[in-house]
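# Inside the fold
Chain residues, written in single-letter form:
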Amino acid sequence: MQTLKIEATPRADFGKKASRAIRREGQVPCVLYGGGETVSFSVDAKALKPLIYTPNSYIVEFDFDGKKEQAVLREAQFHPIREQILHLDFYRIAEGKPVSIAIPVRLTGNAEGVKVGGKLTLSARKLVVSALVENLPDELVVDVTELGVGKTIFVGDLAFENLKFVTPASTAVCAVRVTRASRGAAAQA
């Protein structure tokens, strides 16, 4: 899994007034949970763009004046109109403990159902998995070559080494939908 390094500044002032002052300076208030202690800090808003505005998932390494902390993004709050980041919650990564994180799905192969006129649809862009940090992949690659018209791949059908799916097994990942062209091809056959 890819790591993103970000400089962090610890903060002592809390509340609405202090948060607004931090945002006026171009910073985003953040909180780091887990591991027994909670740390409040702020981060430059520009440094967060590669983390927020991407389909990829990252392990974030914060630098608190020389002290390194690894974490994953738990929640992001945005302004309803301006799309400005208001607040971020991170969860600390502990050595030897599994981490839950949403990982993007990538489809490979040419589905059999698409060859006869069906339409391939991706239902779940990300799936939540739990694993040790060293076992986390950058993306989940799903082969759709054997997928026929009207068939669906569910989370329960997937198997990856050293990964446990947190997303329910009944969640559809992708499917080949029936189209008029595929109905016509079936009627001719």
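Keep in mind it's a predicted model, so treat the numbers as computed, not measured. Along every chain, residues carry numbers that run from 1 in the direction the sequence is written. This being a predicted model, a pLDDT of at least 70 is required before a residue's local features are given, and a value of 80 or more before pairs of side-chain atoms are given or counted; all residues contribute to the totals for chains, interfaces and linings. No hydrogens and no water enter the side-chain calculation; it runs on all heavy atoms of the structure.

## A word on the nonpolar core
Going by this rule: Definition of nonpolar core: a set of buried residues of the types Ala, Val, Leu, Ile, Met, Phe, Trp, Tyr and Cys, connected through side-chain atoms within 4.5 Å. Working definition: with a 1.4 Å probe on protein chains only, accessible area under 20% of the residue-type maximum means buried, over 50% means exposed, and in between means partly exposed. Only DSSP runs of H or I covering at least 4 residues are called helices, and only runs of E covering at least 2 are called strands; the numbering of each starts at the N terminus. Note on contacts: a residue pair qualifies if any of its non-hydrogen atoms lie within 4.5 Å across the two residues.
Counting residues in hydrophobic clusters, the biggest one holds 25 residues, and the most contacted among them are Leu127 and Leu136. For this core, the elements supplying multiple residues, two or more each, are strand S8 (99-108), strand S10 (126-131), strand S11 (140-143) and strand S14 (172-177). With four residues, the top contributor of residues to this core is S8. Not counting residues within four places of it along the chain, the set of residues in contact with Leu127 comprises Ile101, Ala102, Ile103, Val105, Leu140, Val155, Leu158, Phe165, Thr167 and Val173. Counting residues in hydrophobic clusters, the runner-up holds 20 residues, among them Tyr58, Ala71, Ile85 and Leu88.

## Looking at the pattern of salt bridges
Definition in use: Every case where a carboxyl oxygen of Asp or Glu lies within 4 Å of a side-chain nitrogen of Lys or Arg is listed as a salt bridge.
By the definition in use, this model includes six salt bridges. The salt bridge involving Lys68 is made with Asp63; its shortest N-O contact spans 3.7 Å. Among the residues examined, Lys68 registers a relative accessible area of 51% and is labelled exposed. Its relative accessible area of 14% is what places Asp63 among the buried residues. One salt bridge in this structure joins Lys67 and Glu69, with 3.4 Å as the shortest N-O distance. Classification of Lys67 by relative accessible area gives partly exposed; the value is 45%. Of the residues examined, Glu69 reaches a relative accessible area of 11% and is grouped as buried. Three or more residues joined by partner-sharing salt bridges are found here, namely Lys67, Glu69 and Arg92.

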